[in-house]
Amino acid sequence: MKIVILGAGAIGCYLGAALKAGGLAPTLIARPRVIADINQAGGLTISDYQEEQWHVGAPDMTESNDALADADLVLLTVKCLAIEESAKLLQQYCKAGTVVLCLQNGLGSDAVIKRLCPTLKIVRGIVGFNVAPLGEGRFHRGTEGDIYHEPNATINSVLTSALVKTKIQLLSSSDYDAIVWAKLQLNLNNAINALSGLPLKTELERSGYRRILSAAMTELLVVAKTKNLNLPKLTRLPARWLPPLMNFPDWLFKKLAASMLAIDPQARSSMWEDLHLGRLTEVEYLNGAVVKAASKLGIDTPVNAALCTLIHQVEHHQRHEGLSSADIEKAIKKEKKKIEQKKGR
């Protein structure tokens, strides 16, 4: 079976190396600088938060989209903002019936690819862990987490056993919509982490930032309940217990969180990386998705709305990253006041 990874950045390179370690031979379609970095380093090296490391040599890599023509299975690992362009390439190059596993964060991007790729078999998926590029062909997994996807026999039979080698669990779920919302609840912290400018572990150990995350998560849970979604456990605690956990004192949170989710001390969100490098972010597919879904239901979400506004301000150089929790809470109060004024009219 021919496997192609389209958009081989941090996640794509990590998965490509993991599949190669597991005995498969994926082709990575990547940017020239990524290919040059890996070749110069003598291949791909991946590591994880448990201090394990695998060096797999140089995979089959190309800049050309022609590789898609022979693909039986495509792993799409581009960011949400690149979905439309990627969907057009998939429809142009792939043969009818090709299975495409879409591994994007948040909500909304799958509608675009399904509309533009009517001849392909689109399967939604999410990667539940963080990967950071370290340079010199090295990619580091900084948090624990699994890969979830909609049921598909091809994906199960081809990928599951290969990924076990690098301790990546691939899980199929018939209730995928609930999985996506549960993962989105965790990803609401991406914006807070990006705005803070701190490593994930440091940010989450500070009560002010957790207080904001708790409020953002609570807004999501209200929306999910209204939509009759029963969110599954993606951590060792049920989804509804996470907001109260965030409000625990620092010393108690650190003790409980240490047993709940492993996080590398240097791990950061991909949204922080985007802001740091001056790129546009996926915030509209994360916090923005909560705001949009809530708006259709007549629910106010000032916390997630304020986080979207702050991220956009940093994107457009109207603010700098490195905001304190007090700075963020000030913006949330402003958003709440705006909502109250609108209702008073």
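Residues numbered from 1 in each chain as written. Predicted model: local features only at pLDDT ≥ 70, side-chain atom pairs only at ≥ 80, totals over all residues. Heavy atoms only, no water.

**Let's talk about the sheet that holds strand E10 (residues 138–141)**
So, point 1. The sheet built from four strands is open, its strands ordered E4-E3-E10-E9 with mixed pairing. At either margin of the open sheet sits one strand with a lone partner, and together these are strand E4 (53–57) and strand E9 (131–135). Adjacent strand axes in the sheet meet at a mean angle of 20 degrees when their direction is disregarded.
So, point 2. Where strand E3 (residues 44–48) meets E4, four bridges bridge the pair, whose relative direction is antiparallel. Note that in E4 the partner of Leu44 across the bridge is Gly57. (Pairing = 2+ DSSP bridges. Helix = DSSP H or I, 4+ residues; strand = E, 2+ residues; numbered from the N terminus. Axes fitted to C-alpha atoms, helices over the stretch in contact; angles between N-to-C directions.)

**Observations regarding empty space enclosed by the protein**
Gaps left between atoms show up when a probe the size of a water molecule is rolled over them.
So, point 1. Applying the stated criterion across every chain yields a total of two cavities of 30 Å³ or more.
So, point 2. Approximately 50 Å³ is the volume attributed to the largest cavity.
So, point 3. In this structure, the largest cavity is lined by Leu15, Leu19, Leu75, Leu101, Leu103, Ile147, Leu159, Leu163 and Leu170.
So, point 4. Where the lining of the largest cavity is concerned, the elements lending two or more residues are helix H1 (10–21), strand E7 (99–103) and helix H5 (153–164).
So, point 5. Of the residues contributing to the lining of the largest cavity, the split by class is nine nonpolar, no polar and no charged.
So, point 6. Ranked by the residues each element gives to the lining of the second largest cavity, the list is headed by helix H6 (residues 176–187), at three residues.
So, point 7. Looking at side-chain class alone, the lining of the second largest cavity contains seven nonpolar, two polar and one charged residues. (1 Å grid on protein atoms, 1.4 Å probe; cavity = no way out; pocket = protein on both sides within 12 Å on 5 of 7 lines; lining within 4 Å. Points joined across faces, edges and corners; volume = space filled by probe spheres on them. Nonpolar A, V, L, I, M, F, W, Y, C, P; charged D, E, K, R; others polar.)

**Details of the layout of surface pockets**
So, point 1. Counted as a void, the second largest pocket has a volume near 360 Å³.
So, point 2. Along its surface, the second largest pocket is lined by 15 residues, and Leu107, Gly108, Ala289, Ala293 and Lys296 are the ones closest to its centre.
So, point 3. Secondary-structure elements contributing two or more residues to the lining of the second largest pocket are helix H4 (109–116), H6 and helix H13 (287–297).
So, point 4. If one sorts the elements of the lining of the second largest pocket by residue count, H13 sits on top with five residues.
So, point 5. A per-class count over the lining of the second largest pocket returns eight nonpolar, two polar and five charged.

**With respect to the nonpolar core**
Side chains that are nonpolar tend, in soluble globular proteins, to be buried together.
So, point 1. Counting residues in hydrophobic clusters, the biggest one holds 50 residues, and the most contacted among them are Leu184, Leu195, Leu220, Leu231, Leu307, Ile311 and Ile328.
So, point 2. By residue number, the principal contributor to this core is helix H9 (residues 207–226), which donates nine residues.
So, point 3. Leaving out residues up to four positions away in the same chain, Leu220 has contacts with Trp181, Leu184, Gln185, Leu188, Leu231 and Val290.
So, point 4. Listed in part, the 37 residues of the second largest apolar core include Ile3, Cys13, Leu19 and Val56. (Core = buried A, V, L, I, M, F, W, Y, C linked by side-chain atoms within 4.5 Å. Buried < 20%, exposed > 50% of the residue type's maximum accessible area, 1.4 Å probe, protein only. Contact = heavy atoms within 4.5 Å.)

**Notes on the packing of aromatic side chains**
So, point 1. With the rule as written, the count across this model stands at one aromatic pair.
So, point 2. One residue, Arg268, lies across the ring of Trp272, its end atom 4.2 Å from the ring centre. (Phe/Tyr/Trp six-rings, centres within 6.5 Å; stacked < 30°, edge-to-face > 60°. Lys NZ or Arg CZ within 6 Å of the ring centre and 35° of its normal.)

**Quick word on the environment of Leu134**
So, point 1. In this fold, Leu134 is placed in strand E9.
So, point 2. We classify Leu134 as partly exposed; its relative accessible area is 41%.

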